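# Per-entry structural report
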Amino acid sequence: MTSILILNGPNLNLLGTRQPEVYGHITLDDIETLCRSHGEALGMDVAFLQSNSEGALLEAIHSAKGAHDGIILNAGAYTHTSIALMDAISSVELPVIELHLSNVHAREEFRHVSYIARVALGVICGFGAAGYPLAMDALLGHLTRDG
Ligand code: CA2
């Protein structure tokens, strides 16, 4: 069975509590439920993690090698700053889809920069929580075609 890791970075645990005009009212628990149910429909095993710590995200990416077939990563603000996450993704040689709830390109200029995109299979942004099942479909399609 295809196994994927869905990894969420800093402040995403706050979803649904603040800034609903940007991120909507959905919580990270709601997103996990959505992903698990979509995973069942696709016959895909889903691991779902969130951390505010860059180090913990790095460890999760390292540990994904041999444990999962691909990663969906919403690295939050680390997307725009972290060469370490970029290097970790390159080192594990797993397909990674970069994901954002908001359309980062319609926001502040510092959000237009992504270190993750340089090493990602592709990027999905601006579709809110619906981006997660979209990313799962895209990752499964990639793994089925290429793997
Ligand atoms: O749009 C996305 O998914 C982001 O990755 C969300 C990050 C942001 O830094 C990225 O540029 C785009 C922010 C995470 C959520 O932060 C919240 C802050 C307050 C209340 C709720 C969420």
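See above for the structure.
Here's a quick rundown of the structure. (Residues numbered from 1 in each chain as written. Predicted model: local features only at pLDDT ≥ 70, side-chain atom pairs only at ≥ 80, totals over all residues. Heavy atoms only, no water.)

## A word on the overall build of the chain
The secondary structure content of the chain amounts to five helices and five strands. N-terminal to C-terminal, the α/β element order of the chain is β-α-α-β-α-β-α-β-β-α. Its C-alpha atoms give the chain a radius of gyration of 14 Å, within 12% of the compact-globule value 15 Å for 147 residues. Along the first, second and third principal axes, the C-alpha set of the chain runs to 40 × 30 × 25 Å. Long-range pairs, those at least 24 residues apart, make up 78% of the contacts in the chain between residues at least 6 apart in sequence. Taken as a whole, the chain presents about 7,200 Å² of accessible surface, with 52% of it coming from carbon and sulfur. For the chain, the centre of its 7 positive side-chain charges and the centre of its 16 negative side-chain charges are spaced 4 Å apart. (Helix = DSSP H or I, 4+ residues; strand = E, 2+ residues; numbered from the N terminus. Rg over C-alpha atoms; globule rule 2.2 N^0.38 Å. Contact = heavy atoms within 4.5 Å. Areas by Shrake-Rupley, 256 points an atom, 1.4 Å probe, with all protein chains shown as cover. Lys, Arg positive; Asp, Glu negative; His and termini not counted. Charge placed at Lys NZ, Arg CZ, Asp CG, Glu CD.)

## Section: the environment of Met44
Tracing the backbone shows Met44 in the loop between α2 (28-42) and β2 (45-50). Between the alpha carbons of Met44 and Ala129 there is a distance of 18 Å; along the sequence they are 85 residues apart.

## Regarding the nonpolar core
If you look at the biggest cluster of nonpolar residues, it comprises 22 residues, and the most contacted ones within it are Ile4, Ile6, Ile31, Cys35, Ile72, Tyr132 and Met136. Put simply, the parts of the chain that give this core at least two residues each are β1 (3-8), α2, β2, β4 (96-100) and α5 (131-146). With six residues, α5 is the largest single contributor of residues to this core. When sequence neighbours within four positions are dropped, the list of residues in contact with Ile6 reads Cys35, Val46, Ala47, Phe48, Leu49, Ile72, Tyr132 and Met136. Counting residues in hydrophobic clusters, the runner-up holds 18 residues, among them Leu57, Leu58, Ile71 and Tyr78. (Core = buried A, V, L, I, M, F, W, Y, C linked by side-chain atoms within 4.5 Å. Buried < 20%, exposed > 50% of the residue type's maximum accessible area, 1.4 Å probe, protein only.)

## Overview of helix α4 (residues 83-92)
When α4 is considered as a whole, its buried residues turn out to be Leu85, Met86, Ala88, Ile89 and Val92. Angularly, the buried residues of α4 cover 160° about the axis, an arc narrow enough to put them on a single face. Packing partners of the buried residues in α4 comprise α3 (54-64), β3 (70-74) and β4. Glu93 sits one or two residues past α4 and shows a positive phi near 50°. (Arc of directions from axis to C-beta.)

## Describing the sheet that holds β3
Ordered in space as β2-β1-β3-β4-β5, the five strands form an open sheet in which the pairing is parallel. In this open sheet, the two strands that pair with only one neighbour each are β2 and β5 (122-125). Taking the axes of each pair of neighbouring strands and ignoring which way they run, one obtains an average angle of 20° across the sheet. With five bridges joining them, β1 and β3 adopt parallel strand pairing. Residue pairing for β3: Ile6 is matched across the bridge by Ile72. (Pairing = 2+ DSSP bridges. Axes fitted to C-alpha atoms, helices over the stretch in contact; angles between N-to-C directions.)

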